[in-house]
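Examination of the molecular architecture
Residue-level listing of the chains:
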Amino acid sequence: MNFLNITSARKAYRTPEGGFIHALDDVSLNVRNNEFLTLLGPSGCGKTTLLKCIAGFEDIDSGNISLEDQSLKGVPAHRRPFNTVFQNYALFPHLNISDNVGYGLDVARVPKKERADRVEEAMELVGLKGFGKREPNQLSGGQQQRVALARSLVLKPRVLLLDEPLSALDRKMRENMQIELKNLQNSVGITFVFVTHDQEEALAMSDRIAVVANGKVQQLATPTEIYDEPANAFVANFVGTSNIFTGKVVEQNGKNLKIETANERQVLATSDHFNLGDQVQVILRPEHMKLSPDGNEISECCIEGTVEASIFVGSEMHLHVNVGKGRTAIVHHRHNRGDEGERIEVGTDVKLYYSPNAAHLIELVED
Amino acid sequence: MSSADTILKRKRRTLVLLLAPFSIMLSVFFLIPLGIMMVYSFLEPGLYGGVEWNWYPYNYGRIIGWPLNDFEEFEPIYLKIFLNSLQIALMTVICTFLLSYPAAFWVSRMKGAKKNFALFLITLPFFANLLVRIYAWLLLLRPTGFFNTVLQSAGLIMEPLDLLFNNFAVIIGMVYILTPFMFLPIYANVEKLDYSLVRASQDLGANPLQTFRRVILPLTAPGILGGSIIVFIPALGNFIVPSFLGGSKVQMTGNLIERSFLQSRDWPFGAALALLIMASVVILVVIQLNRQAKAEARGVS
Ligand SMILES: Nc1ncnc2c1ncn2[C@@H]1O[C@H](COP(=O)(O)OP(=O)(O)OP(=O)(O)O)[C@@H](O)[C@H]1O
Ligand SMILES: [Mg+2]
């Protein structure tokens, strides 16, 4: 049985100019029970729209959303067993914290005793025991966020929808909350659909990630698959940094391919899926490329270029290497303490090495 | 002296300077006249207007019930008129509220030029003279007026209806001139209502009625209360509307006050009536504000 299933959902908004924005353009997505699924995508790609359609605040124009094979068409938001943690928290300013948390129980007319126990339990779960009498505006952003979480969790929803709940927090707080949220999800056993545009957050927390762009799901896979085997150039660029070379397979030796790129460099890769003459894109992660200014000791696989810029980011040097015809490759070069002598100056000619296994090939799509 | 002290002193001086114009105006044009009224209300009315400087509590006596027996009598008519005025004022508050509340939501959902136009329409009546506007209602409501003519020619009624010179006509007039005063505070409140809270309420399982009662109503209560107060007070003291649309049949306390000052030249009695109205307004408002504060302290649930 499918859990939360979205098939071919479409949603268009009319713009004031009279045109249409396809916020959801044939979205299909299968959310599994008890998983932590992240919707990751750039601003304006339709993440919030998808959440609203699941929660029932918006209707999809076509397609279907179903829970355990029961269609949710026509079910109003207040009857859906989903709860939302809003980006701005949306706490009720006229109610204190425990009444905010108890709100859903009050409207469901849960008996007083049970209400009190469940509110207490939920507040304890999010670490806000003893804050019940405070007003929402007397809490910090992080605390308000926990109240919003408790207010939803207290109702034991089938699915918790979270719309960029951490984006208003500072970096340290956000990292703490990432861990807490993940642990919480494990312990309460509720399905989380989590929206973010922060790829590190998505990689760190999710069981699976759906990368969304232009109203479409670009790829739905585990974090490692998304990172190591991006389905297309968009995913490769959006999640982490990628060097992408377009070219044609000019030599094939079993799995080993030699690809001639547009900037007249030859690169090596291994793949089962491509043959001589295929147009491909070669994706190389910056950390998989090593550089050795003189030697040839790693493998025969190399690209020559000139360092254009070198940026020190603490643990690494980020080198921008001109590899011909104005194309730039980015290389993350490990920086060891006291490596002053090895500092690479701008203008140095370098050779970039990588293991052919590290190169990921995707089909070149014309557009 | 520490520098913090000097700063504090300078701040205080600035504050005094900034508040001076307002304080002076308030005391010259409000507090001092109010004091004069209070004093007058306890003085004996002069035979040909003005006052005699004698202690004379019977101005209040005439209204509430301890008259100076030989000369003036206790007339329950004053209390009746006062109660009728209260009733009219309350009805006015209720009607303006029922008109304004939904309209405020409607206008706040409009966009750009349309919204500005709607707000302009609401303030449009202010552009015409008050007397003209009230007089127009007289023409509309009288037996040969617009409504009766239309209803009669449509064959819905045989005889003209008595639309004029009763509480109904006065309330219509009051509602007509006071609706903007109810609308604007409610609108200001509704306009800043955070719609995501309505979503949150729905999301937590509240049906539309529960959402209205538990979220929308409490959050717009300040606007409703503000509007009610600034409609209730002028409605209670108004004398123009009842004298046009109420004729001689509907008297409001405002008419009595007007008459005692301008016609019978009994200033002390007029002052006593005015102060009684003021006292009742203050008491009602204080009670209401208290209840509100208590409700807020309890948490509206
Ligand atoms: N009510 C609306 N009317 C018209 N267009 C809308 C409406 N809501 C969203 N859109 C448009 O639909 C597209 C998707 O919006 P959505 O809010 O889903 O983006 P998002 O992925 O959540 O972005 P962000 O990360 O910035 O929150 C955007 O182009 C937006 O301008
Ligand atoms: Mg969004």
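Keep in mind that this is a model prediction, so the values were computed, not measured. Note that residues are indexed from 1 along each chain, following the sequence as it is written. Starting at A for chains and at 1 for ligands, labels are handed out in the order in which the entities are written. Local features in a predicted model are, by the rule used here, given only for residues with pLDDT of at least 70; side-chain atom pairs are given and counted only at 80 or more, and totals for whole chains, interfaces and linings are based on all residues. Computation of side-chain values: all heavy atoms of the structure, hydrogens and water removed.

1. Examining the pattern of salt bridges
Residue and element names in this part refer to chain A. Note the cut-off: Salt bridge criterion: a side-chain nitrogen from Lys or Arg within 4 Å of a carboxyl oxygen from Asp or Glu. The numbering of helices and of strands both runs from the N terminus, where a helix is a DSSP run of H or I of at least 4 residues and a strand a run of E of at least 2. We call a residue buried when its accessible area falls under 20% of the maximum for its residue type, exposed when it is over 50%, and partly exposed in between, using a 1.4 Å probe and counting protein chains only.
Under the defined criterion, the tally for this structure stands at 16 salt bridges over all chains. With a closest N to O distance of 2.9 Å, Asp117 and Lys113 form a salt bridge. Of this pair, Asp117 and Lys113 both sit in helix H3 (residues 112-125), four residues apart, roughly one helical turn. For Lys113, a relative accessible area of 60% translates into the label exposed.

2. Some thoughts on the domain arrangement of chain A
Interface size, as often reported, equals the accessible area lost upon joining of the parts. Residues and elements named next belong to chain A. What counts, and what does not: Domain borders in the structure are assigned automatically or taken from a domain database. Contacts are assigned to residue pairs with any non-hydrogen atoms lying within 4.5 Å of each other. In protein, a polar contact means a hydrogen-donor-capable atom and an acceptor-capable atom, both N or O and within 3.5 Å, with residues adjacent in sequence counting only if both atoms are side-chain atoms; elsewhere, any N or O pair within 3.5 Å suffices. Residues were grouped as follows: Ala, Val, Leu, Ile, Met, Phe, Trp, Tyr, Cys and Pro as nonpolar; Asp, Glu, Lys and Arg as charged; and all remaining residues, including Gly, as polar.
On domain assignment, one finds that chain A holds domain 1 (4-237) and domain 2 (241-363). Placing a centre on the C-alpha atoms of domain 1 and another on those of domain 2 gives a separation of 39 Å. Counting residues at the interface gives ten residues for domain 1, matched by nine residues for domain 2. Joining domain 1 to domain 2, the criterion identifies zero salt bridges. Put simply, domain 1 and domain 2 have five residue pairs in polar contact (both at pLDDT 80 or more) between them. For the side of domain 1 that touches domain 2, the residue count by class is six nonpolar, two polar and two charged.

3. So, the packing of helix H2 (residues 97-107) of chain A against H3(A)
All names here are of chain A. As a reminder, the rule being used: Inter-axis angles, ranging from 0 to 180 degrees, are taken between N-to-C directions of lines fitted to C-alpha atoms, where helices are fitted over the stretch in contact. We call two directions roughly parallel when the angle between them is under 35 degrees, roughly antiparallel when it is over 145, roughly perpendicular when it lies between 65 and 115, and oblique otherwise. Crossings are classed by handedness, with left-handed meaning an anticlockwise turn of the near helix from the far one by less than a right angle and right-handed meaning a clockwise turn.
The geometry of H2 relative to H3 is characterised by a closest axis approach of 9 Å and an angle of 125 degrees between their N-to-C directions. When the axis of H2 is compared with that of H3, the two are oblique. Between H2 and H3 lies a crossing whose hand is right-handed. Contacts between H2 and H3 pair Ile97, Ser98, Asp99, Val101, Gly102, Leu105 and Asp106 from the former with Arg115, Arg118, Val119, Ala122 and Met123 from the latter. Considering only residue class, the contact of H2 with H3 consists of six nonpolar, two polar and four charged.

4. Structural notes on a nonpolar patch on the surface
As a reminder, the rule being used: Exposure above 30% relative accessible area and no salt bridge define the residues that can form patches, which grow by joining like charges within 9 Å and nonpolar side chains of Val, Leu, Ile, Met, Phe, Trp and Tyr within 5 Å. With residues, only the protein chains shown are counted as cover, and all accessible areas are computed by Shrake-Rupley using a 1.4 Å probe.
Taken together, B:Phe117, B:Phe120, B:Leu121, B:Leu124, B:Phe126, B:Phe127, B:Phe181 and B:Ile230 make up a surface patch of nonpolar side chains, about 770 Å² in accessible area. A per-element tally of the nonpolar patch places helix H4 (residues 112-123) of chain B first, with three residues.

5. Observations concerning unusual backbone geometry
Its identity as a non-glycine residue notwithstanding, A:Glu68 has a phi of 50 degrees, on the positive side. A positive phi angle, close to 40 degrees, is found at A:Glu164, a residue other than glycine.

6. Some thoughts on the nonpolar core
Residue and element names in this part refer to chain A. How we decide: Think of a nonpolar core as a cluster: buried Ala, Val, Leu, Ile, Met, Phe, Trp, Tyr and Cys residues, connected wherever their side-chain atoms sit within 4.5 Å.
Core analysis: the biggest nonpolar cluster contains 96 residues, and Leu4 and Leu39 have the highest contact counts within it. Contacts of Leu39, omitting those with residues within four sequence positions, involve Leu29, Lys47, Leu50, Leu51, Val193, Phe194, Val195, Thr196, Ala210 and Val212. Of all hydrophobic cores here, the second largest spans 32 residues; its members include Phe36, Leu91, Val126 and Leu139.

7. Observations concerning the interface of chain B and chain A
Rule in force here: Buried area: the accessible surface (1.4 Å probe) lost by two parts on joining, summed over both.
Listed by partner, the interface residues are 21 residues for chain B and 24 residues for chain A. Overall, the association of chain B and chain A removes approximately 1900 Å² of surface from exposure, summing both partners, and the carbon and sulfur fraction of that is 60%. Looking only at chain B, the three residues that lose the most surface to chain A are B:Arg199, B:Asp203 and B:Leu204, adding up to 37% of its buried area. Our count for the chain B to chain A interface comes out at zero salt bridges. Taken together, the connections running from chain B to chain A amount to six residue pairs in polar contact (both at pLDDT 80 or more). Those elements that place two or more of their residues in the side of chain B that touches chain A are helix H8 (195-203) and helix H9 (208-237) of chain B. For the side of chain B that touches chain A, the per-class residue count stands at nine nonpolar, eight polar and four charged.

8. Focus on the sheet that holds strand E4 (residues 62-67) of chain A
The strands making up a sheet are joined through hydrogen bonds of the backbone, oriented either antiparallel or parallel. Residues and elements named next belong to chain A. Worth spelling out the cut-off: The rule for pairing is simple: two strands pair if DSSP sees at least two bridges between them.
In spatial order, the strands read E2-E1-E4-E5; together these four strands make up an open sheet with antiparallel pairing. Edge positions in the sheet fall to strand E2 (20-31) and strand E5 (70-71), since each has one partner strand and no second. Where strand E1 (residues 4-14) meets E2, nine bridges bridge the pair, whose relative direction is antiparallel. Pairing of Leu4 across the sheet is with Val31, part of E2.

9. Some points on the site of ligand 1
Residues and elements named next belong to chain A. Test applied: A cutoff of 4 Å decides nearness: a residue is near a molecule or strand if any of its heavy atoms lies inside that distance of it.
Neighbouring ligand 1 are Tyr13, Ile21, Ala23, Ser43, Gly44, Cys45, Gly46, Lys47, Thr48, Thr49 and Glu164. Contact distances for ligand 1 include 2.7 Å between an oxygen atom and a side-chain N or O atom of Lys47. Interatomic distance of 2.5 Å between a side-chain N/O atom of Thr49 and an oxygen atom of ligand 1. Burial of ligand 1 by the surrounding chains reaches 65%, relative to a free accessible area of 630 Å². Of all elements in the fold, only E2 and helix H1 (47-55) reach the threshold of two or more residues within the shell around ligand 1. At three residues, the largest contribution of residues to the shell around ligand 1 is made by H1. Tallied by class, residues from the shell around ligand 1 come to four nonpolar, five polar and two charged.

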